[in-house]
Amino acid sequence: MSLTLSSAKNIAKVLTEALPYIQKFTGRTVVVKYGGNAMVDEALKQSFARDIVLMKLVGINPIVVHGGGPQIGSVLEQLNIESKFVDGLRVTDSQTMDVVEMVLGGLVNKEIVNLLNKNQGKAVGITGKDGNLIKAKKLKLRRNDTKLTDEIVDIGHVGEVVSINTEVLEVMKGSNFIPVIAPIGTDESGASYNINADSVAGEIAKVLVAEKLILLTNIEGVKNKNGEVLTGLSRKQVAKLVADKTLQGGMLPKVQCAIEALNGGVSSAHIIDGRVEHAVLLEIFTDEGVGTLITQNGSAQKPVKKSTKKEVKIPNSHETGG
């Protein structure tokens with residue numbers, strides 16, 4: 001089917017708007033944390049894969065770090081293993097850790113690799129254990145208690161990043177391969193740990209001094225108290241939002257991860273709506289974007305209500321009739 005004139009003009013406009021961004025970011029590294037709806041909805045999975053492959057084709061070096069909490073929960077349920085959580089963190093005993101490694105390092109990781117390869121990419125799936133990529137240590141979870149001053153809770157094989165060995169990533173960066181990383185690390189004794197994917201993505205972005213850290217979420221972005229999306233924020237503005245309790249719950253660790261990445265030399269951090277098709281491309285290559293951009297000094301952009309967001313549809317090859 002041939003394109004209509006209006007469709008052709010729309011595509012030309014998108015490409016023209018994208019050109020300066022492509023020129024600016026060619027040769028730069030972009031770390032993307034992939035999770036949420038974008039990992040389960042078929043249309044979103046396909047659009048994400050095409051976004052990543054296109055980034056690689058135009059000379060940007062994408063690195064994908066993925067989560068997989070719901071998938072882990074589903075397999076544990078099938079195995080009649082109860083899921084327990086403390087402060088949002090999964091209690092991970094040795095049996096649960098075996099399932100985590102099977103799901104994150106196997107099922108989920110290979111599905112993403114296959115998805116990228118089907119879209120003409122060259123993806124390679126690894127975990128933090130491969131090439132000693134992620135050195136970890138046991139996470140000490142402290143809980144404030146009204147009766148006790150401090151309580152350290154043992155939640156098993158849940159870890160935090162100690163260091164990142166960039167050698168493997170540097171080799172892939174200089175090639176045509178796209179690394180897809182499962183957030184599993186090991187300590188000095190070889191014990192395995194499940195690590196928060198946002199944290200892993202942030203640490204990798206820091207050590208590689210990436211151009212961008214992009215965190216996909218299931219909401220429109222960081223919002224003010226009126227429910228409006230804040231499209232551009234500085235570090236100081238984020239600190240104020242945390243101080244006045246505007247940012248709470250699941251958004252709090254994401255913005256903290258973004259700020260830590262900026263402190264480590266990353267140029268910008270993006271918290272974007274992964275429920276929008278081609279969210280990654282729209283955030284990087286268009287003026288409007290689909291979420292919140294956080295930089296050292298912020299942006300002149302004003303808060304916008306979610307209803308003002310426009311979704312630009314990028315046609316599939318069968319739609320172009322090429």
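As the structure is a prediction and not an experimental result, all values here were calculated from the model.

Draft legend 1. Expanded view of the environment of Tyr21. Along the chain, the position of Tyr21 falls in helix α1 (residues 5-25). Exposure remark for Tyr21: the relative accessible area of 22% places this residue in the partly exposed category. Expressed as a C-alpha distance, the spacing of Tyr21 and Thr286, which sit 265 residues apart in the sequence, is 7.9 Å. When residues no more than four places from it in sequence are discounted, the contact partners of Tyr21 are Ile284, Phe285, Thr286 and Asp287. Side chain to side chain, Tyr21 and Asp287 meet in a polar contact 2.5 Å long.

Draft legend 2. Highlighting the packing of helix α3 (residues 69-78) against helix α4 (residues 94-118). The geometry of α3 relative to α4 is characterised by a closest axis approach of 9 Å and an angle of 125 degrees between their N-to-C directions. On the basis of the axis angle, α3 is oblique to α4. The chirality of how α3 crosses α4 is right-handed. Packed against α3, whose contacting residues are Gln71, Ile72, Val75 and Leu76, the element α4 presents Thr96, Val99, Val100, Met102, Val103, Leu104 and Val108 at the interface. Across the contact of α3 with α4, the residue classes tally to nine nonpolar, two polar and no charged.

Conventions we followed
- Residues numbered from 1 in each chain as written.
- Predicted model: local features only at pLDDT ≥ 70, side-chain atom pairs only at ≥ 80, totals over all residues.
- Heavy atoms only, no water.
- Helix = DSSP H or I, 4+ residues; strand = E, 2+ residues; numbered from the N terminus.
- Buried < 20%, exposed > 50% of the residue type's maximum accessible area, 1.4 Å probe, protein only.
- Contact = heavy atoms within 4.5 Å.
- Polar contact = N/O pair within 3.5 Å; in protein donor to acceptor, adjacent residues only side chain to side chain.
- Axes fitted to C-alpha atoms, helices over the stretch in contact; angles between N-to-C directions.
- Parallel < 35°, antiparallel > 145°, perpendicular 65-115°, else oblique.
- Left-handed = near helix turned anticlockwise from the far one by under 90°.
- Nonpolar A, V, L, I, M, F, W, Y, C, P; charged D, E, K, R; others polar.

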